[in-house]
Structure formats: structure tokens, C-alpha cells
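Here's the letter readout for the chains.
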Amino acid sequence: MIGPLISVLLFSTALVSTVAYLRIEEVDREQEAVNRDSNFALQSLKLRVMDRIGQLTRIGDEVNRTKDLQEFQFQSAVLTSQFPELLGVAMFDSENGLTALYISAQASASQLRQPESLLQGITPDGMGMIWRERRAVFGPAVAPRPIIGTDFGAHTVLAYIPIFDGLRLVKVLVAEFNLESLLQFALPAELSNRYAVLMADGSGNAVAGHWPASPSRLQEYLPWVSPPPTARIGLAPISDDLFIQLRGYRTSSDFLGTFLQWAVGGLSLLTLWMLINNWRHARRRLSTQRALMDETFFRRAMEDSMLTGMRAMDMQGRITYVNPAFCRMTGWSEAELVGQHPPFSFWAEEDHAMLLERLASELKGIVNHSGFEVRLRRRSGDTFFARMYMSPLVSHNGEQTGWMASITDITEPKKTREELAAAHERFTIVLEGLDAAVSVANLGGNSLLFGNAKYRHWYGEDVSGHHRMVMHAQMGLLRDEQHDSVDEMSGIPTDTLLEASTEDTNVFDDKLGIWLEVRSRYITWVDGSLAQVVIATDVTARHEAQEQAQKQSEKAQAASRLITMGEMASSVAHELNQPLAAIANYCSGMISRLQRQQLEPEALLSALEKTTKQAQRAGQIISRIRTFVKRSEPSVSSTKVSDIVSDALELAQIELRRQDVRLNYYMAARMPNVMADPILIEQVLINLIKNGAESVSHAKRPHNQREVELNVRPTEVDGQKVVEFQVRDTGTGIPDEIKERIYDAFYSTKSEGMGIGLKLCRSIVESHHGRMNVENIYNGSTITGCCFSFWIPVSLASEPTDIAPQTISPVDHE
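What counts and what doesn't
- Residues numbered from 1 in each chain as written.
- Predicted model: local features only at pLDDT ≥ 70, side-chain atom pairs only at ≥ 80, totals over all residues.
- Heavy atoms only, no water.
- Helix = DSSP H or I, 4+ residues; strand = E, 2+ residues; numbered from the N terminus.
- Expected span 1.5 Å × (residues − 1).
- Buried < 20%, exposed > 50% of the residue type's maximum accessible area, 1.4 Å probe, protein only.
- Pairing = 2+ DSSP bridges.
- Axes fitted to C-alpha atoms, helices over the stretch in contact; angles between N-to-C directions.
- Core = buried A, V, L, I, M, F, W, Y, C linked by side-chain atoms within 4.5 Å.
- Contact = heavy atoms within 4.5 Å.
- Salt bridge = Lys/Arg side-chain N within 4 Å of Asp/Glu carboxyl O.
- Phe/Tyr/Trp six-rings, centres within 6.5 Å; stacked < 30°, edge-to-face > 60°.
- Lys NZ or Arg CZ within 6 Å of the ring centre and 35° of its normal.

Remarks on helix α18 (residues 678-699)
Here α18 contains 22 residues, and its C-alpha end-to-end distance of 31 Å stays within 8% of the 32 Å for a straight helix at 1.5 Å per residue. The element α18 is extensively covered by neighbouring structure, given that 18 of its 22 residues are classed as buried. Lys-700 lies just past α18 and shows a positive phi near 55°.

Given below as C-alpha cells:
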């Protein structure tokens with residue numbers, strides 16, 4: 001008894017010693033591996049960071065060379081999207097001034113810090129190292145909120161990258177790296193799978209990564225449980241106070257513990273085996289029977305609840321099984337279907353030959369695994385469409401005993417597909433019949449996805465026609481933005497960039513020789529890709545009609561100016577008569593004194609100067625009238641308001657003096673320029689002032705109340721800077737019942753009027769993107785005058801003009 005016991009003890013001791021020795025060797029090998037992998041991890045981190053610094057250095061050199069900050073934004077966006085550990089990049093000049101800043105798309109603008117704090121992380125020693133070694137330096141780790149970007153809940157580190165131009169430091173790039181993302185993307189996957197990686201500071205506080213939970217205190221005292229291998233290495237030169245720690249996952253089994261457990265378990269089982277063997281056998285048998293019954297009931301319930309019909313046949317084609325769904329689908333009971341031979345009762349009679357031929361092929365093993373469509377008959381005689389899939393029925397020993405078919409009713413899906421096909425056909429017919437070219441092409445590709453009949457008639461099957469229309473449309477939009485000098489906000493989109501929008505423009509296709517209205521829209525194609533649809537309509541007739549209407553409008557404006565001057569003909573003649581009479585008097589006086597030889601050279605010179613001044617005055621009047629009435633093409637340009645007002649008043653004063661009406665006008669100091677055709681705006685002012693003078697004369701006001709007032713001032717309308725013109729008179733005003741009709745064509749309150757003056761005035765103002773208003777002036781409930789006002793937008797490049805308030809009356813120019 002003692003001999004076998006000693007033998008067992010010696011054997012156990014030898015076995016434990018062997019296992020312990022092997023375990024120590026294994027721990028040493030694991031420690032060497034983790035030391036080697038920690039160096040590899042450090043090199044991977046440094047290489048990834050240095051690669052980013054090298055790319056940023058190239059970007060900085062390129063921006064310093066080209067001075068293109070948009071290129072900096074684009075390259076930074078590409079870099080941050082490719083390498084998530086890079087949170088943002090800032091560029092400072094040699095005077096520490098912020099030149100450009102780009103933040104990763106992951107950042108939120110609500111949590112940004114001030115850019116002035118970006119250079120606070122670099123020490124004087126670090127700046128000296130930049131000058132001496134001409135390389136990047138790193139700032140201390142920042143936690144938990146980065147300087148560039150938002151709160152990612154992780155520590156970051158700043159890299160200061162110098163950009164030299166020869167020996168001169170011209171810029172400094174500040175790049176911020178997320179240490180958590182750096183660990184995630186820089187370390188190889190096999191390294192992360194084998195080790196828990198942690199980045200910690202000198203005090204052991206975790207900065208990035210994760211660390212497995214420490215073993216329980218009980219496991220620390222177990223002799224066969226050894227701690228996992230761990231290594232720690234500094235993260236220089238990225239940071240002098242950061243370290244990388246690696247701890248290996250325990251992947252090998254605890255052989256000694258397992259051995260002891262199995263040994264104890266084996267002895268226990270061996271001791272109890274003789275006593276409980278029969279009981280275990282009985283329990284196992286009862287459990288197996290219950291499991292078999294549960295499996296049988298479960299399979300039966302699953303088959304009964306299926307919506308897909310199931311049918312089984314033997315190798316001769318006889319039906320051996322059908323589930324309830326198949327019975328409900330066909331209308332026959334299980335008893336009626338089981339045992340049937342082909343042709344089966346649920347086959348459509350007109351398809352017997354085809355189905356018998358297909359069944360014969362299936363029994364030979366020729367099966368379409370993707371299924372096939374078949375028409376079946378219900379017991380009521382109705383037919384329905386089904387999709388049938390055939391598969392071999394194999395027994396538990398691997399021998400094929402028949403065929404199993406699954407049948408799905410596809411009547412409704414088939415009807416839906418047919419309706420969709422019909423709708424698609426109708427839609428295609430409508431597109432083909434459109435009197436507009438419709439084309440769809442994918443972005444960045446050279447394939448035409450769709451083109452209707454009109455497109456094919458114009459451009460054929462080639463995608464070049466689509467690109468041609470898109471190019472014409474873009475050029476048309478650019479021309480509109482460059483030449484639309486009246487509306488300074490034209491061409492700027494008012495919707496968000498994420499919304500799909502259309503762009504309409506009229507272009508001339510020199511190849512087809514027609515005008516096209518091109519509309520484009522970005523859509524999602526059937527395959528999910530982004531595509532562009534272009535609709536081009538022939539608007540040649542409409543364009544020609546618009547040109548004709550424009551010509552008629554220009555003729556009407558010129559005719560209105562001629563009518564205005566015709567109405568003022570007597571006043572103009574009276575105005576010209578004064579300088580001409582003065583010239584005649586001066587000439588007669590000089591002739592008389594020359595005949596009497598009483599004219600001295602000084603007196604002759606004075607008389608000639610006065611004669612010349614009167615001749616210049618007459619010539620100036622004629623020149624202004626000729627400039628006003630001559631027909632010319634509309635020319636919108638940046639014009640001084642003072643020039644428009646002075647030219648208009650020079651002609652309007654002639655009529656005012658004839659009507660014995662005083663003109664008061666006020667122009668604000670430092671007036672901006674306006675985008676306008678000066679002749680057209682001058683025409684509007686003359687018509688309004690002339691109408692005001694006529695209204696005052698018709699009202700028969702006393703001399704001290706016979707006046708027309710012109711106010712010109714800059715203001716804002718709906719946030720837009722404009723110049724407002726107001727013409728106020730002391731006439732009879734405009735009755736409320738005709739106020740809405742005064743702008744109608746050929747409607748006039750004057751017996752000799754033609755009814756086109758105010759309509760042309762409003763058309764001219766609206767063509768300048770302005771508005772005209774009219775309102776009566778009241779003194780209590782009595783109308784004491786009328787005020788016409790209009791405004792037009794100011795020019796972008798305006799030069800303010802200083803004008804002081806002035807008052808002009810008929811007496812001043814007699």
C-alpha cells in the first residue's frame with residue numbers, strides 16, 4: 001500500500017516540477033515578445049506622426065509658394081478626412097498672426113477655443129530648437145479638451161511645424177493630434193489583438209487606450225497564476241512625459257490548474273461512478289425522450305404556421321407530404337393530396353404537358369435552383385400564379401429519398417409588377433412625346449443614362465449634347481452674375497446647399513441655331529448614384545418676342561421724351577429768346593458805337609464777353625434738349641446722383657418758370673452712386689416734376705404756396721441700400737378712386753394727356769430693380785398736395801458726393 005502511494009507522490013512531484021519549469025520558460029518568452037512589440041508600437045506611432053508632419057510641411061511650402069489659402073483648406077480637408085487622428089491645422093505667420101485655420105469635420109463650432117491660445121504650448125526652448133534644427137517640435141499633452149476642435153473626451157498633443165523660405169522662418173503650422181485616435185489607427189491590428197495598449201503620463205494616469213482589469217486578490221496569491229507580461233517605453237520625441245504600456249492578453253490555457261481540476265474531477269467521478277451509473281443512464285434516457293417529443297412538436301408547429309406551401313414527393317413523383325399552407329393555397333385537404341400521381345389535381349389543365357415535361361426533368365436531377373413561375377388551379381377552379389423551388393430530400397444517412405418543393409403565391413406581386421411596368425411605359429411615352437429635350441447623365445462619367453426623343457433628334461445618342469447644354473447653362477449663369485450690375489445680389493443661392501435646386505437660364509446653341517431654356521437638377525438615380533437631369537426647351541419664338549417688346553419699349557421711352565419736350569416747346573422758346581435777345585442788343589449797341597467811333601477796346605471786349613456768355617447759355621440749353629430727346633441704347637452704369645439731378649433740373653426749370661412754380665430741392669451729403677441709365681432716370685424726374693408743376697398750376701394756389709419739392713436721400717429697403725427720390729407738390733392731389741389706375745396705359749387725368757408718362761416712369765424704375773409709390777398729402781382731412789417717390793439700388797463701387805441743400809425759385813433765374 002505504501003509503495004503505490006509513494007510512486008503516485010513521486011510521479012505527481014515530477015509532473016508539477018516539469019509544468020513549473022515550462023511555465024517559467026513560457027513567461028520569459030512572453031516578456032521578450034512584449035518588449036520587442038513595444039518598440040515596434042513606438043516606431044509605428046512615430047512613423048505615422050512624422051508622415052503627417054511631412055505632409056503638412058509640403059502643404060505649408062506649397063501655400064507659402066502660391067499664397068493660395070483655399071488650397072490650404074482643401075489639402076487640410078483631404079488630410080483630416082484620411083487620417084482621423086488629425087483634429088485640425090492652423091497656420092501662423094512669422095509675427096504669430098493667424099493666417100488660416102481648418103478644423104476636422106468631426107469638430108463642432110460651438111466649442112472652439114480662441115486661436116490666440118494656439119501658440120501658448122510652445123516653450124522658448126522649443127522655439128530655439130525650431131531655429132537650430134529646422135524641424136517640428138511638440139507641445140505638452142492637453143486634456144481633456146483640445147485647443148483645436150471640440151471636446152472628444154481624449155487627450156491631444158500639438159505639433160509646431162516650421163516653414164522656412166531659405167533661412168527665414170515665414171510660417172508655423174500648428175497641428176493637433178488626438179492621442180486616442182493615434183493609438184487606434186497607427187498600431188497594427190495584430191498588435192492590438194495581442195496586447196492591451198495604454199498611453200500614460202509620468203504619474204501613471206491614463207491618457208489614451210485601455211487597460212485590462214487587475215486580477216482579483218485571490219488570484220494574486222495562487223502559485224500557478226502568473227501576471228501577464230508588461231512593457232513600458234517613453235514616447236520621445238513626441239512627448240517627454242508620455243509613455244506607452246503594453247500588457248499581453250493571456251491566451252494560453254492554465255495547464256497546471258486544468259490538470260489539477262481534471263484530476264480531482266476524475267477521482268471524484270471514479271468514486272461515484274459505480275453508485276450513480278444506473279441513475280444517470282435512466283435520467284439521460286428520459287431526457288432524450290422528452291427532447292425528441294419537444295423537437296417533433298416544434299417542427300410540426302413550425303410547418304403548420306408557415307405561409308409557404310411545402311410538398312414532398314418520392315423518387316417516382318408520388319406526393320408523400322403537404323403542409324397546411326399548401327392545402328389552404330390549393331383548396332384540397334392533406335388526405336386528398338397525399339398519394340396522388342402526376343398529373344396532379346392542382347395543375348391547370350392547359351399546362352399539363354408543360355408541367356409533366358418539367359417534372360420528368362426534375363426527377364432526373366435537372367433542377368433550376370433559382371425557382372420557376374407556374375400557374376396552379378384551386379379546387380374552386382380559379383387559377384393563381386406561384387413560384388416553386390425544388391430541392392433534394394435527403395435522409396439522415398445521406399441518401400436521397402425524394403424531392404421537396406416550396407411554393408409561394410405571387411399573384412399580387414405579379415400584378416403589382418405588371419402595373420409598375422405599365423406605369424413606366426406610360427411615363428416613358430410622356431417623356432418621349434415632350435417638346436423638350438430631357439437627358440440624364442451621371443456625374444463624373446461619360447455615359448448617358450436617359451435621353452428622350454427630342455434629345456436624340458438634336459444630339460443623337462451621345463452624352464456630349466448633355467455636357468454641351470450644362471456648359472452653356474453655366475456660362476449663361478456666369479454672364480448673368482457678371483453683367484447684372486443693377487441687382488448686386490443676383491446669382492447668390494438663397495436655399496441651403498443640402499437642398500436640391502434647379503437652375504434656369506436661356507442660352508443660344510450655335511450648333512442648332514436656336515435659343516434654349518435650360519433647367520438642371522441633381523437627382524439620385526436608380527442605382528443610388530448622383531446624376532444630373534437637364535431639360536432644354538426651344539424658346540426661340542419667345543426670345544424673339546421679348547427682343548421685339550424691348551425695342552418697342554425703347555421706342556416708347558424715346559417718344560415720351562419727345563412728347564415731353566413738345567409740351568415744353570413754348571417754354572423752351574421763351575428760354576432761348578432771352579439769351580438771343582441779349583445777343584442782338586449787345587451787337588446793335590456795338591454797331592452803333594462803332595459807327596460813332598465811340599467804342600473803346602476795353603468796352604468792346606466786355607461787350608463781346610457778355611455776348612459769348614449768352615451764346616453759350618443758348619447752346620447749353622439746346623445741347624441738353626438734344627441729349628435728352630435723342631434715341632440711344634440703354635446703358636446701365638455706376639452714375640453720380642448729383643449729375644442726374646442737375647441735368648433733370650436744368651430742363652425742368654424751364655417749365656417751372658413758365659408755370660410760375662418755385663422748386664425746392666434737398667440732396668443729402670455724401671450721396672452714393674446708383675446703378676442706372678442716367679437718361680431714363682432723368683426722364684422719370686422731369687415727368688414727375690412737370691406733372692407736379694401742372695398740378696400746382698391747375699390748383700391755382702397763391703404765389704407763396706406754388707412750389708414743388710425734390711428730396712434725394714440714401715436709405716435702406718428690406719436690408720438693401722437704395723437712393724430714394726421724392727417729388728412733393730402743393731396741387732390738388734390724386735383721388736383715391738383713381739389712384740390704382742394712374743399707372744394704366746392710355747389713362748390720363750389731363751384732357752391733353754396721352755396716358756403713357758406714369759406707366760413709362762414705373763416701367764423704367766422697375767427695370768432698375770426699384771419701386772415707385774404715390775400718396776396724397778393731407779392737412780387734416782383736406783388734400784394739400786401729392787408725393788411721388790421711387791427708389792433704385794446703389795452701386796457696389798459708389799463714390800459719395802458732397803451736396804449742400806439748395807432752394808431754386810423762378811426769380812433766381814429771370
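As for the sheet that holds strand β13 (residues 383-394)
Taken in spatial order, the five strands make up an open sheet running β11-β10-β14-β13-β12, and their pairing is antiparallel. In the strand order of this sheet, the two ends are held by β11 (319-322) and β12 (372-377), each with one partner. Between one strand axis and the next, the sheet turns through 35° on average, direction left out of account. Two elements, strand β10 (residues 309-314) and strand β14 (residues 400-409), share six bridges in a ladder whose sense is antiparallel.

A closer look at the nonpolar core
The biggest cluster of nonpolar side chains holds 45 residues, and the ones touching the most others in it are Leu-45, Leu-56, Phe-72, Leu-179, Met-199, Leu-235 and Ile-244. Examining the composition of this core, we find that ten residues originate from one element, helix α1 (residues 2-66), more than from any other. The residues contacting Met-199, other than those within four sequence positions of it, are Leu-45, Leu-179, Leu-183, Asn-205, Ala-206, Val-207, Ala-208, Leu-235, Leu-242 and Phe-243. Core analysis: the second largest hydrophobic core is formed by 43 residues, Leu-651, Ala-668, Val-708 and Val-765 among them.

Remarks on the sheet that holds strand β8 (residues 230-234)
Spatial strand order, β7-β6-β9-β8: four strands in an open sheet with antiparallel pairing. Looking at which strands have only one partner, the edges of the open sheet turn out to be β7 (206-209) and β8. Across the sheet, the mean angle separating the axes of adjacent strands is 25° when strand polarity is ignored. As judged from the five bridges shared by β8 and strand β9 (residues 242-248), these two strands associate in the antiparallel manner. Pairing of Thr-230 across the sheet is with Arg-247, part of β9.

A look at the pattern of salt bridges
Where side chains of opposite charge bring their charged atoms close, a pairing between them can arise. Counted under the stated rule, the structure contains 17 salt bridges. With a shortest N-O distance of 3.0 Å, Arg-662 and Glu-707 are connected by a salt bridge. Of this pair, Arg-662 sits in strand β21 (residues 662-667) while Glu-707 sits in strand β23 (residues 707-717); the two residues are 45 residues apart in sequence, bridging distant segments of the chain. Among the residues examined, Glu-707 registers a relative accessible area of 22% and is labelled partly exposed. Beyond isolated ion pairs, a larger network of salt bridges with shared partners links Arg-48, Arg-52 and Glu-85.

A closer look at the pairing of strand β4 (residues 156-165)
With nine of ten residues buried, β4 lies mostly within the body of the structure. Relative to strand β5 (residues 168-178), β4 is paired through ten bridges, and the arrangement is antiparallel. Its bridge partner being in β5, Leu-158 is matched across the sheet by Glu-176. Adjacent in sequence and paired antiparallel, β4 and β5 are bridged by two residues, among which Gly-166 carries a positive phi angle near 75°.

Details of the environment of Ile-319
Mapped onto the fold, Ile-319 is located in strand β11. In this structure Ile-319 comes out as buried when scored by relative accessible area, which is 0%. If we ignore the near neighbours within four places in the chain, the residues touching Ile-319 are Arg-311, Ala-312, Met-313, Leu-337, Val-338, Gly-339, Gln-340, Phe-344 and Phe-346.

Topic: unusual backbone geometry
Of the consecutive residues Pro-342 and Pro-343, the connecting peptide bond is found in the cis state with omega at 0°. As for its position among the elements, Pro-343 is in the loop between α9 (334-337) and α10 (352-363). Unlike most non-glycine residues, Lys-67 shows phi in positive territory, near 60°. Along the chain, Lys-67 falls in the loop between α1 and α2 (69-82).

Quick word on the packing of aromatic side chains
What the rule picks out here adds up to six aromatic pairs. With 5.4 Å between their ring centres and 15° between their planes, Phe-344 and Phe-346 make a pair best called stacked. Like Phe-344, the residue Phe-346 is buried in the burial classification. With a centroid separation of 5.4 Å and an interplanar angle of 45°, the aromatic rings of Tyr-455 and Tyr-459 are classed as tilted. Of this pair, Tyr-455 and Tyr-459 both sit in helix α12 (residues 453-459), separated by four residues, roughly a single helical turn. Of the two residues examined, Tyr-455 and Tyr-459, each falls in the buried class. Feature note: the residues Phe-326, Phe-344, Phe-346 and Trp-347 constitute an aromatic cluster, connected by ring pairs. Above the plane of the ring of Phe-372 lies Arg-358, whose end atom (NZ or CZ) is 4.1 Å from the centre.

Geometric descriptors of this kind do not, in isolation, establish any biological role.
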